[in-house]
Amino acid sequence: MSKTTVAQATKGASGESITITNNRTQESTTLPLLEGSMGPKVVDIRTLHEKTGYFTYDPGFISTASCESDITFIDGDNGVLLYRGYPIEELAENSDFLEVAYLLLNAELPTAAEKRKFNDSITTHTMVNEQLTYFYRGFRRDAHPMAVMVGVVGALSAFYHDEVDIHDPRQRMVASHRLIAKIPTIAAMAYKYSIGQPFIYPRNDLNYAENFLHMMFAVPCEEFKISRAQARAIDRIFILHADHEQNASTSTVRLAGSSGANPFACIAAGIASLWGPAHGGANEAVLKMLMEIGSVDRIPEFVARARDKDDPFRLMGFGHRVYKNYDPRAKVLRGSCHEVLDDLDMENDPLFKIAMELERIALSDDYFIERKLYPNVDFYSGIILQALGFPTHLFTVIFAVARTVGWIAQLNEMTEDPNQRIGRPRQLYTGHKTRRYIPVGQRG
Ligand code: SDX
């Protein structure tokens, strides 16, 4: 049988290699090391099975790079996060979400003309097909909005089935713009449906963040006054959540896309994965935890529970697979918390005080120090979102609105990768060896 030849890495060959030797058979195999522009080198194991018959084993992908990517870089030990090389702190301070979306999609910051053209394209795609409003009526009013998002976004492909050829760059660009433009509209509609208020149409005279606040909180009976400070805060939250390398939901989107599934179905899969409390659902879980703690003097009780191996309780908003230092997004959000609460005259917000004291205690506790558990992006975002008037069950929806552009950028990058193949991991099988069928009358 002809052996499948694996296309060699088009870039990254470092000239270095490592050799692994089986200590029983003394058989050795040499594998090349690939080097990127930043971060750890990788062992190119694509020929390992062909050469040795062995698989690698890495549940949770703790030591595994699933792809090459130029989009986002994280240095977890030093708390660094770059979008296309730009530090997240500088983008959060100086940019706006649609400019960051352009950067993630196109690899460069836009010129003024490019920015105007991109913003206009997004603005003119914000409405959804009126038929889509009927999808909401199939849900109970108290359905979790993430369930609604998974259903409605997945259904979008039914409205564009003649324009989802992901191998056509123009169709990919149109689908990307449609998703970025419509996701806030769909999210706001999920909220309006849950409170029995009429859907509010997008307005083309508002920027992305203002439009979202307007669709969320305006009512037809009176003019809605948008706070520029609140729009700035939600825009910054969108920037901070836009992309994050190969996290669980992004890996879900890539795996779904590797089969050729259409972009709408892939983004719906990403939303489903983000929903989990260990991932994007953590911001909602953080606020529930702070409410359960209820007062500063109960913090030690909860820190003790988090340390207790027999107690499944974890301090939500702490810890991260990659960051073994302070999540740079949490640092920015901590500052935004102060700004938003001051702006809203809520600087004595009890939950914020509990959060600040919990952070202080946890960061001095040896259990957290030994495990390098720091506050992550979800620790402060919930406090800001609640102060801005968002209900807790909308927090992960807002994370999904922001992350949609990251998912799309990563999906497009994978689709354009000449080395791309369908994702199909193998396993270490530990089940029964071959055995014979026994007719039911002869079983014990
Ligand atoms: C996001 O991947 C991304 O980039 C995600 C994200 C993104 O932008 O896409 O950054 C967004 O999902 C942030 C994470 C939000 N989740 C939470 O805040 C939930 C609480 N955190 C944990 O569930 C946990 O820290 C994870 C899931 C975030 C990371 O899990 P890992 O890397 O698999 O680490 P682990 O579970 O193996 O923990 C290592 C040790 C364990 O103790 P020991 O077995 O060594 O004794 O640390 C402990 C864990 O018990 N630990 C915690 C803890 N997190 C880890 N103990 C108490 N409280 C916690 N929060």
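Thresholds, definitions, all that
Residues numbered from 1 in each chain as written. Predicted model: local features only at pLDDT ≥ 70, side-chain atom pairs only at ≥ 80, totals over all residues. Heavy atoms only, no water. Axes fitted to C-alpha atoms, helices over the stretch in contact; angles between N-to-C directions. Helix = DSSP H or I, 4+ residues; strand = E, 2+ residues; numbered from the N terminus. Left-handed = near helix turned anticlockwise from the far one by under 90°. Contact = heavy atoms within 4.5 Å. Nonpolar A, V, L, I, M, F, W, Y, C, P; charged D, E, K, R; others polar. Phe/Tyr/Trp six-rings, centres within 6.5 Å; stacked < 30°, edge-to-face > 60°. Buried < 20%, exposed > 50% of the residue type's maximum accessible area, 1.4 Å probe, protein only. Lys NZ or Arg CZ within 6 Å of the ring centre and 35° of its normal.

With that out of the way, let us pick up the packing of helix H9 (residues 228-240) against helix H18 (residues 395-416). As a packed pair, H9 and H18 sit with axes 8 Å apart at the nearest point and diverge in direction by 65 degrees. The hand of the H9/H18 crossing is right-handed. Residues Ile234, Ile237 and Phe238 of H9 form the contact with H18, whose own contacting residues are Ile398, Val401 and Ala402. For the contact of H9 with H18, a count of residues per class yields six nonpolar, no polar and no charged.

Before going further, it helps to spend a moment on the packing of aromatic side chains. Scanning the model with the defined rule gives 19 aromatic pairs in all. Measuring from ring centre to ring centre gives 5.3 Å for Phe97 and Phe238, while their planes differ by 55 degrees; the resulting arrangement is tilted. In this pair, Phe97 sits in helix H3 (residues 97-106) while Phe238 sits in helix H9, placing the two residues 141 residues apart along the sequence. Taken as a pair, Phe97 and Phe238 share a single burial class, namely buried. Between the aromatic rings of Tyr136 and Tyr193, the centroid separation amounts to 6.3 Å while the plane-to-plane angle is 55 degrees, which identifies the pairing as tilted. Of the two residues, Tyr136 is situated in helix H5 (residues 133-136) and Tyr193 in helix H7 (residues 169-194); the sequence distance between them amounts to 57 residues. With a relative accessible area of 0%, Tyr136 lands in the buried category. Judged by relative accessible area, which is 7%, Tyr193 ranks as buried. Ring pairs connect the aromatic residues Phe97, Tyr191, Tyr208, Phe212, Phe217, Phe238 and Phe390, which therefore count as one cluster. The ring of Tyr193 has Arg141 lying over it, and the distance from NZ or CZ to the ring centre is 4.1 Å.

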